[in-house]
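# Close look at the chain arrangement
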Amino acid sequence: MRTNLLAGSATDVAWLERSVTGERPERIELSQLPFTLGRNESCDYQIVSSRISRVHAEIVREAGVLKIRDLKSTNGTFVNGERIDQHCLVDGDLVVIADVQFCLRTNHDNVRNTVTQVMMRPEGAFSRKESSAADLLFAVRRLQESILHRSARICFHPVYDLVKNCCRAYEACVREDFPVHDRAAWQILQATECRLIQLMSQLHRLLAAEQLARLPNPSTLFLKLQPAEIGADSMPHSLSRLTALAGKTKIVVEIPESAVVDIPYFRDFLARLHELKIGVAYGGFTGSPIQLKAQASFAPDYLKLAPALARGLDKSTQRQQQMKALVEAARETNVQLIAVGIHSENEARVCRELGFRLAEGDYFNHAQADWSPDNSLQRA
């Protein structure tokens with residue numbers, strides 16, 4: 001037996017929001033209950049994925065309360081990060097079915113203090129024992145709020161052309177204005193490959209592509225990937241959506257050097273990116289010319305050096321010889337080197353003399369500390 005929910009009646013109307021990178025969130029009305037989700041065409045909402053069971057989960061209403069039930073699925077149903085068999089749902093709950101995430105929304109006025117409302121951390125409300133757990137909880141909630149409300153603040157660092165003396169590209173970065181007590185919890189989340197961190201990274205890339213696409217003159221946009229995203233089957237498709245959104249802006253994804261491995265799945269990942277005309281950069285390189293040449297068969301388009309290599313470069317003859325050797329090795333492998341962490345005019349000058357074409361750092365950021373595509377358009 002199905003229950004029809006009528007808008008405007010005393011019964012709350014509920015729906016699921018599914019975020020899709022590069023598109024507006026999909027609204028899935030729970031107009032009839034029970035409401036089933038799964039891989040079968042017979043389900044009320046079909047999810048085409050090998051990780052989804054044929055009839056994976058259902059949403060029901062019992063005694064006026066919405067509940068979600070896992071129907072003995074293989075990969076599980078999760079609510080707010082916890083695997084469940086059955087769970088009472090309220091506005092703002094994050095529901096993950098295998099690898100697909102939804103947010104439950106309702107039209108009820110008495111919404112709980114959760115991701116749909118900004119949560120404030122009451123000072124002195126927790127003892128020292130409770131403080132660490134509370135910090136982590138509030139960091140998660142703030143992260144959820146940012147994702148739902150698209151409230152991330154994006155800034156752009158110029159990648160400078162030392163030869164032509166102009167900006168060649170931009171790297172999208174996030175302004176992380178966290179309170180002091182949130183920073184340790186944020187670092188914990190980043191270290192645990194939290195799914196929310198991956199969703200936040202997707203949001204950052206989406207907002208950056210949207211903003212840079214508004215520039216009158218197309219540029220190149222560097223976007224960072226999280227280590228857990230490397231090799232993910234959905235990532236190339238997600239990035240291809242961004243290329244469509246960015247228009248004529250060239251997209252380059254930056255892969256941490258620690259995630260670069262010479263194994264088949266990584267090579268396949270690179271091949272799929274190149275097929276989609278997406279550039280690749282390895283970030284944080286600290287190796288030798290020998291290591292650079294060893295990567296020749298799966299070399300990136302750009303190789304960003306670790307900032308430590310450029311620090312005090314103008315005062316170290318030994319470092320200059322090391323950087324010169326890297327420049328020569330990069331030419332042999334057809335890789336464009338980017339010197340990172342340039343803080344002074346002298347460091348920029350030495351990089352140019354050593355043969356570097358591209359560089360980034362505080363020295364170039366200074367003139368554009370508050371730059372954003374919106375500001376640039378306003379000035380134009």
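In this text the structure is predicted, and so the values were computed from the model without any measurement.

### Considerations on the confidence of the model for the protein
- Summarising the model, the protein shows a mean pLDDT of 78, and 72% of its residues fall at 70 or more.
- For residues 367–380, every residue scores under 50 in pLDDT, and the model assigns this stretch 22 contacts once sequence neighbours within four places are set aside.

### Comments concerning the sheet that holds strand β21 (residues 358–360)
- Pairing in this closed barrel of eight strands is mixed, and the strands run β14-β15-β16-β17-β18-β19-β20-β21 around the ring. With strand direction ignored, the average angle separating the axes of adjacent strands in the sheet is 30°.
- Sheet topology note: the strand β16 (residues 220–224)/strand β17 (residues 250–256) ladder contains five bridges and is parallel. For threonine 220, the partnering residue across the bridge sits in β17 and is lysine 250.
- Where helix α5 (residues 264–275) meets the sheet, its contacts fall on β17 and β18 (279–285), and the angle it forms with β18 comes to roughly 130°.
- Lying over the sheet, helix α8 (residues 317–332) contacts β18, β19 (302–305) and β20 (336–340), oriented at roughly 155° with respect to β20.

### Structural notes on the sheet that holds strand β3 (residues 26–29)
- Spatially, six strands are ordered β3-β2-β13-β12-β9-β10 in an open sheet, and the strand pairing comes out antiparallel. At either end of the open sheet lies a strand with only one pairing partner, and these are β3 and β10 (82–84). Neighbour-to-neighbour, the strand axes of this sheet turn through a mean angle of 35°, independent of strand direction.
- Where strand β2 (residues 14–18) meets strand β13 (residues 100–106), five bridges bridge the pair, whose relative direction is antiparallel. Note on β13: the bridge partner recorded for alanine 14 is threonine 106.

### As for the packing of aromatic side chains
- The final tally for this structure, using the stated rule, is seven aromatic pairs.
- Through successive ring pairs, a cluster of aromatic residues spans Tyr160, Tyr363 and Phe364.
- Sitting over the ring of tryptophan 15, arginine 27 keeps its end group 3.7 Å from the ring centre.

### A few points about the side chain of aspartate 70
- Positionally, aspartate 70 belongs in strand β8 (residues 65–70).
- Of the buried charged residues, aspartate 70 lacks a salt bridge, with arginine 83 as the closest side chain of opposite charge at 5.4 Å.
- There is a polar contact of 3.2 Å between the side chain of aspartate 70 and the backbone nitrogen of lysine 72.
- Every residue in contact with aspartate 70, bar those within four places of it in the chain, is listed here: His56, Ala57, Gly76, Thr77, Ile84 and Asp85.

Reading the values: rules and limits
- Residues numbered from 1 in each chain as written.
- Predicted model: local features only at pLDDT ≥ 70, side-chain atom pairs only at ≥ 80, totals over all residues.
- Heavy atoms only, no water.
- pLDDT = per-residue confidence, 0-100.
- Contact = heavy atoms within 4.5 Å.
- Pairing = 2+ DSSP bridges.
- Helix = DSSP H or I, 4+ residues; strand = E, 2+ residues; numbered from the N terminus.
- Axes fitted to C-alpha atoms, helices over the stretch in contact; angles between N-to-C directions.
- Phe/Tyr/Trp six-rings, centres within 6.5 Å; stacked < 30°, edge-to-face > 60°.
- Lys NZ or Arg CZ within 6 Å of the ring centre and 35° of its normal.
- Buried < 20%, exposed > 50% of the residue type's maximum accessible area, 1.4 Å probe, protein only.
- Lys, Arg positive; Asp, Glu negative; His and termini not counted.
- Salt bridge = Lys/Arg side-chain N within 4 Å of Asp/Glu carboxyl O.
- Polar contact = N/O pair within 3.5 Å; in protein donor to acceptor, adjacent residues only side chain to side chain.

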